[in-house]
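Survey of secondary and tertiary structure
One-letter residues, chain by chain:
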Number of protein chains: 2
Amino acid sequence: MEYAKEIVTEEQKKGEEEEQVVTPWEVASKGKIDYDKLIVEFGCQRLDQSLLDRVFKLTNRQPHVFLRRNVFFAHRDFNEILDAYERGEKFYLYTGRGPSSEALHLGHLVPFMFTKYLQDAFKVPLVIQLTDDEKCMWKNLSVEESERLARENAKDIIACGFDVSRTFIFSDFDYVGGAFYKNMVKVAKCVTYNKVHGIFGFTGEDHIGKVFFPAVQAVPSFPSSFPHLFPGQDKLRCLVPCAIDQDPYFRMTRDVAPRLGYSKPALIESLFFPALQGETGKMSASDANSAIYVTDSYKDIQTKVNRYAFSGGRESVEKHRELGANLEVDIPFKYLSFFLDDDEELEHIREEYGSGRMLTGDIKGRLVEVLSELVERHRAARALVTDEMVDAFMAVRPLPNMFK
Amino acid sequence: MEYAKEIVTEEQKKGEEEEQVVTPWEVASKGKIDYDKLIVEFGCQRLDQSLLDRVFKLTNRQPHVFLRRNVFFAHRDFNEILDAYERGEKFYLYTGRGPSSEALHLGHLVPFMFTKYLQDAFKVPLVIQLTDDEKCMWKNLSVEESERLARENAKDIIACGFDVSRTFIFSDFDYVGGAFYKNMVKVAKCVTYNKVHGIFGFTGEDHIGKVFFPAVQAVPSFPSSFPHLFPGQDKLRCLVPCAIDQDPYFRMTRDVAPRLGYSKPALIESLFFPALQGETGKMSASDANSAIYVTDSYKDIQTKVNRYAFSGGRESVEKHRELGANLEVDIPFKYLSFFLDDDEELEHIREEYGSGRMLTGDIKGRLVEVLSELVERHRAARALVTDEMVDAFMAVRPLPNMFK
C-alpha cells in the first residue's frame, strides 16, 4: 500500500494514449486528475453530505476536516457500515503502508490522521499492514532494508496517536503464514493471471511475486486472517480508508469475497495529496523539494513553501488585487484545506485571498506556521516512540478491549 | 510435490504434437517414456556406476536397491555432494509430497523409502515439505481438507521409519512465514511470468496461486529457510531426491540460487513408478485398480495383480515356453525390480521367466507375496504412529544431533 505516489506529468509520459492513468503504483495525468471520471471508471460512489450528516449523528462529533473538505470523497458500502453501526454491529479498520522511504512526507500522514479519527470516533479496532514484501519486490530493496524501513515507518505511524489497545501493526515478512497464508491461497485461487493483467496491467515480464502480491494486500480485509483478534467473528465487516489509487486491489478483493463466503470490505477513499509544484507536478521521493517531510525543519518548510509551492497568485500585486488568486491551482490554499482545522479561518482566507486582498506571501506565511506546527507536533510525538512501543503494537496478541 | 502422477496414454491425448510431455503435474507419452531424451531435454546427468561405487565406499554399505536397479537414474551435482561429504562436509536432504489423497500407493512410497536410506547411510538431516497449499490450489480441495490429508500422509511418511532426531516435516499452511516467506519473495523476484510460462506451461487462465507456487517449492532448497535447523549454515548444500518430473522446479531454483548468493540444490532423480496396466497406462487416483495402495488387503493385492498387472507373458503356455516373457513390458517383473531386495533371486527370475521356464502365474504369485509383505509391514508401522508422533516430527524445533 502506498498513499502518495509519483504523479507523472505529460512531459514524463509522452506518447501515452490515456488522458490519465491511475494504478496502485502510478498516477499519471495530462492535467489535473479527473476524480469524477475515476469514480465512474472504478465504479465507486461519491461520499455525499447525507453520509457526513450520519457520521456526525452516529459519532456525536464534528466529522474530520478530511470529510468536511472532501479529501475523502468516494466510498464503497460506507453506508452499509453506518447502517450496521447504527444497529449496534461493530466493524474493524484496515489500512497500510508500503515502507519505501525512511521519512514520511505529509501525504503519507493523510490516511493515518484520518484513520486515527475513525478509530477514536467509532471506537473500533484497526489493523495496519506494512507491505515490506511489496517494497522489496517493487523497489528492489533488500529484505533487510525493507524490514528496517517498515519498523521506522511504524514509529511514524504510532506517533499519529493510535490506541495500542485497539491497534495491531504487522509487517508481511513477520506476519504472513498460518491463517493469513491460507486466506492468501484462497484468494489467489479465485484470480487468474489474465485478471491481474486486466486490473493492474502486469505483463509477462513482471515477476511472479508481483503477480501474486494482490492476494497479500487483499486478505487483511477478512477477519479470519487475524485469529488472535477476531476468533469466530467471520462476519465482522472491514472498512478500508485509503487513497483512491488502491481501489483496484479492493475491487478485486470484493469480487472474490462472496466466492469465499466472506463479506466484502467497505472503502472510504481520498484524493491524492498534491506535490508542492502543483497538482500536475511530480511528487517524488527522489526530489526532496517536491514534498514536505516530517523530518523537515522550520527553515526547510519555510524555504520549500516560499520557493516551490505553486501559487495561484497573479504576476504583479496590481493584477493580484484586481483578479484575486486562482484557488483552483493554488497549492498553499490546497495544503491549508488539508491541514487547517478552523473552518472559519479557511473560509476567511478563501475570501480574502480569492478576492486579492490577501497576498501570496501572506498565505504562504500562514501555511508555514500550520505545517511547522504539525511537523513539530509529529516530531515530538515520534521522539517518544520507543522500540518497546513498536514491539507492543506489533505483538501478535488479543485486543480484549478493542470495541470499548 | 507429487511423485507418482497420472500417465496419460495416446488415447487420452489425441491431437498432442509432442511425443511425450513431462511436467510436475502431467506425464503423457505416446509410448514408453524416453528417459534418455528427458535427460538431454532437462540437462541433467546419468547416475553412473562410478557414482554408485563412491556411494558404497563412502557409506560403507550396499547401495539401495533403487540405486542398484537404476530406479534413481539421473542427478544434478550429486558428485559434488559426494566430494563435499568425502571432505567431511555435511549436507541436508529435502523431499516432499503433495497431499492429494488419503491413502498412498506404492509409487508414493518410492521416494520416501529411498530418502530414508539416504538419511541412514549418510546420517544427515531431512526436511519434508507437505504442499497442502499446492493441492488446495490444483485439486480444488478446501484448505481444511488439504490440511487433513497432509497430516494423514505425514503418518504414512513417518511409518517409513524416519529418525525424529534428524527429520522435520512441515506443511506449507503451517510453516510458510518469516524466514521461509522472505526466501519465497527473494525467489519470486528473480522469476518472471514468462519464465514460469516457459518452464511449467502456465497460461493466462491459470490463477495467480499457481503462478507463484514454484517459489514455495523452491525455498526448502535453501538452509536459511529453516533458521531453527540451520542457523548460520547458509552454505550447507541440499540434496533433493525426487522423481524426474520435479526437475523443472529445481532447474528454476538452481537458476535463481547464485543470484541470491545461495548454493544450488543437488538432485537425485528417479523413474516414474509404472501403473499396473503397464508403462503407458494411466495410474490414476480415481481408478483404484491402477495401483496398489498401502491400505489394500492381501486379497485386494492378489486380485489386482492377477487381474490387472500387465503381463509380458505369451498368449499360450506353448508360445510362452518357446519365446519367454517380454520383460520390457512385464509389470510383475518391473514391480519386483523395485521391491524385491534380493539381487540373486531377481536375476534368477529374470532368467527363468525371460526364458519361458517360469510362467506368468508364478511371477505374479511371487509379486503378491512381496507386495503383501511390504504393505503389511507398512500398515503395522503406520498403526503405531500416534498424533503425538506427528506433532513431534512437525514441531518447529532445533535438531541438535542431526549430523550424528
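Quick notes on the rules
- Per chain, residue numbering runs from 1 following the sequence as it is written.
- Chains and ligands are labelled by the order in which they are written, letters from A for the one and numbers from 1 for the other.
- Predicted model: local features are reported for residues with pLDDT of at least 70 only, side-chain atom pairs are reported and counted for 80 or more only, and whole-chain, interface and lining totals are derived from all residues.
- Here the side-chain values reflect all heavy atoms present in the structure, with hydrogen atoms and water set aside.
- UniProt positions are given in the numbering used here, feature names are shortened, and annotations may be inferred rather than shown by experiment.
- The numbering of helices and of strands both runs from the N terminus, where a helix is a DSSP run of H or I of at least 4 residues and a strand a run of E of at least 2.
- Here the globule rule is a power law, 2.2 Å times the number of residues to the power 0.38, and the radius of gyration is based on C-alpha atoms.
- Only protein chains enter the accessibility calculation, which uses a 1.4 Å probe; a residue is then buried when its area is under 20% of its type maximum, exposed when over 50%, and partly exposed in between.
- Any two residues whose heavy atoms approach within 4.5 Å are treated as being in contact.
- The method behind every accessible area is Shrake-Rupley, applied with a 1.4 Å probe, and residues are considered shielded solely by the protein chains displayed.
- Here Asp and Glu are counted as negative and Lys and Arg as positive; His is not counted, and neither are the chain ends.
- Working definition for charges: the position is that of NZ of Lys, CZ of Arg, CG of Asp or CD of Glu.
- Note that domain bounds follow an automatic or database assignment of domains.
- Put simply, buried area is how much 1.4 Å-probe accessible surface two parts lose in total, over both of them, once they are put together.
- Within this document, salt bridges are pairs made up of a side-chain nitrogen of Lys or Arg and a carboxyl oxygen of Asp or Glu, the two lying within 4 Å of each other.
- Here a polar contact means two N or O atoms within 3.5 Å. Within protein one must be a hydrogen donor candidate and the other an acceptor candidate, and residues neighboring in sequence count only if both atoms are side-chain atoms.
- Under the scheme applied, nonpolar residues are Ala, Val, Leu, Ile, Met, Phe, Trp, Tyr, Cys and Pro; charged residues are Asp, Glu, Lys and Arg; polar residues are all the others, including Gly.
- Following DSSP output, two strands are said to pair if at least two bridges run between them.
- In this analysis, axes come from line fits to C-alpha atoms, helices being fitted only over the stretch in contact, and the angle between any two N-to-C directions falls in the range 0 to 180 degrees.
- Alignment of copies: least-squares fit on C-alpha atoms of residues with pLDDT of at least 70 in both copies.
- Here is the rule: rings of Phe, Tyr and Trp (six-membered ring for Trp) pair when centre to centre is within 6.5 Å. Planes less than 30 degrees apart are stacked, more than 60 are edge-to-face, and the remainder are tilted.
- Here, the term right-handed applies to a crossover whose path from the first strand over the helix to the second runs clockwise when the strands point away from the viewer.
- With respect to orientation, any angle under 35 degrees is reported as roughly parallel, any angle over 145 as roughly antiparallel, any angle of 65 to 115 as roughly perpendicular, and every other angle as oblique.
- For a crossing to be left-handed, the near helix must be turned anticlockwise from the far one by less than a right angle; the clockwise case is right-handed.

Per an unreviewed UniProt entry, chain A goes by tryptophan--tRNA ligase and derives from Tanacetum coccineum. Turning to chain A, the UniProt record has this under Sequence similarities (unreviewed entry): "Belongs to the class-I aminoacyl-tRNA synthetase family."

Some remarks on the overall build of chain A
Within chain A one finds 18 helices and 10 strands. By the compact-globule yardstick of 22 Å for 404 residues, chain A fits well, its C-alpha radius of gyration being 21 Å. Viewed in the frame of its principal axes, chain A has a C-alpha envelope of about 65 × 50 × 40 Å. Expressed as a percentage of the 404 residues in chain A, the buried residues total 59%. Sequence-distant contacts, at least 24 apart, represent 77% of the contacts inside chain A between residues at least 6 apart. Of the roughly 15,400 Å² that chain A leaves accessible, carbon and sulfur atoms contribute 49%. Each charge sign in chain A was given a centre, from 52 positive and 63 negative side chains, and these centres are 4 Å apart.

Things to note about the domain arrangement of chain A
Residues and elements named next belong to chain A. For chain A, the domain assignment lists domain 1 (2–275) and domain 2 (288–383). On a C-alpha basis, the centroid separation for the pair domain 1 and domain 2 is 28 Å. Every contact between the two is made by 23 residues of domain 1 and, on the other side, 25 residues of domain 2. Interface of domain 1 and domain 2: buried area, both sides summed, is about 2,100 Å²; carbon and sulfur atoms make up 63% of it. Of all residues in domain 1, Arg69, Leu106 and Phe273 give up the largest surface area on contact with domain 2, accounting jointly for 28% of the area buried on that side. For aspartate 343, the salt bridge goes to arginine 69, with nearest N and O atoms at 2.6 Å. Where domain 1 packs against domain 2, one counts 13 residue pairs in polar contact (both at pLDDT 80 or more). Looking at the side of domain 1 that touches domain 2, the elements that each hand over two or more residues are α3 (65–68), α5 (106–122) and α7 (143–158). The element that contributes the greatest number of residues to the side of domain 1 that touches domain 2 is α5, accounting for four residues. Across the side of domain 1 that touches domain 2, the residue classes break down as 15 nonpolar, two polar and six charged.

Focus on the sheet that holds strand β9 (residues 237–243) of chain A
All names here are of chain A. Pairing within the open sheet is mixed, and its seven strands lie in the order β4-β5-β10-β9-β6-β7-β8. Where the open sheet ends on each side, the last strands, each with one partner, are β4 (45–46) and β8 (167–171). Sheet topology places strand β7 (residues 126–130) next to β8; five bridges connect them, and they run parallel. Residue pairing for β8: isoleucine 128 is matched across the bridge by isoleucine 169. In the packing of helix α18 (residues 387–394) onto the sheet, contacts are made with β7 and β8, and the angle to β8 comes to roughly 95°.

Focus: the relation of the copies chain B and chain A
A rotation about some axis, followed by a shift along it, carries one copy of the chain onto the other. With an RMSD of 0.0 Å, chain B superimposes on chain A once it is rotated by 180° and translated 0.0 Å along the axis. The transformation relating the two chain copies, once decomposed into turn and shift, fits a two-fold axis. Identified as the residue of chain B closest to the rotation axis by C-alpha distance is Gly177(B), at 2.2 Å. When the interface residues of chain B are mapped onto chain A, 100% of them are again interface residues, pointing to one common binding face.

With respect to the packing of aromatic side chains
In total, this model carries 79 aromatic pairs over all chains according to the counting rule given. Taken together, a centroid distance of 5.8 Å and an interplanar angle of 40° make the contact between Tyr35(B) and Phe272(B) tilted. One end of the pair, Tyr35(B), is in helix α1 (residues 35–42); the other, Phe272(B), is in the loop between β10 (266–270) and α13 (298–308), with 237 residues separating them in the sequence. For the residue pair Tyr35(B) and Phe272(B), the accessibility class agrees, reading buried in each case. Of the aromatic side chains, those joined through ring pairs into one cluster are Phe66(A), Phe72(A), Phe114(A), Tyr117(A), Phe273(A), Tyr335(A), Phe338(A) and Phe339(A).

Focus on the pairing of β7(A)
All names here are of chain A. Along β7, five of the five residues are buried, which leaves the element largely enclosed by surrounding structure. A two-sided burial pattern is seen for β7, the buried positions comprising Leu126, Ile128 and Leu130 on one face and Val127 and Gln129 on the other. Since strand β6 (residues 91–97) and β7 lie parallel, the crossover through α5 that links them has a hand, and here it is right-handed.

Re the interface of chain B and chain A
Taken together, the contacts link 36 residues of chain B with 36 residues of chain A. Taken together, both faces of the contact between chain B and chain A bury some 3,000 Å²; the carbon and sulfur share is 67%. The three residues of chain B that bury the most area against chain A are Tyr181(B), Lys189(B) and Ile208(B), which together make up 25% of that side's buried surface. Here chain B is connected to chain A by two salt bridges. The closest approach of N and O atoms between Glu147(A) and Lys182(B), which form a salt bridge, is 2.8 Å.

Considerations on the side chain of His75(B)
Residue and element names in this part refer to chain B. Here histidine 75 lies in strand β5 (residues 72–76). A distance of 3.1 Å separates a polar atom in the side chain of histidine 75 from the backbone nitrogen of phenylalanine 78. Not counting chain neighbours up to four residues away, the residues in contact with histidine 75 comprise Cys44, Gln45, Arg46, Leu47, Leu51, Leu267, Ile268 and Glu269.

Some remarks on the sheet that holds strand β7 (residues 126–130) of chain B
Residues and elements named next belong to chain B. Strand order in the open sheet formed by seven strands is β4-β5-β10-β9-β6-β7-β8, and the pairing between neighbours is mixed. A single partner strand is all that each edge strand has here, and the edge strands are β4 (45–46) and β8 (167–171). Sheet strands touched by helix α5 (residues 106–122): β5, β6 (91–97), β7, β8, β9 (237–243) and β10. Its angle to β6, the strand with the most contacts, is close to 165°.

A look at the packing of helix α2 (residues 49–59) of chain B against helix α4 (residues 78–86) of chain B
All names here are of chain B. One way to put it is that α2 packs onto α4 with a least axis distance of 11 Å and a crossing angle of 25°. By the angle between their axes, α2 is roughly parallel relative to α4. With respect to the hand of their crossing, α2 and α4 are arranged in left-handed fashion. Between α2 and α4, the contacting residues are Leu51, Arg54, Val55, Lys57 and Leu58 on the first element and Phe78, Asn79, Leu82, Asp83, Tyr85 and Glu86 on the second. Tallied by class, residues from the contact of α2 with α4 come to six nonpolar, one polar and four charged.

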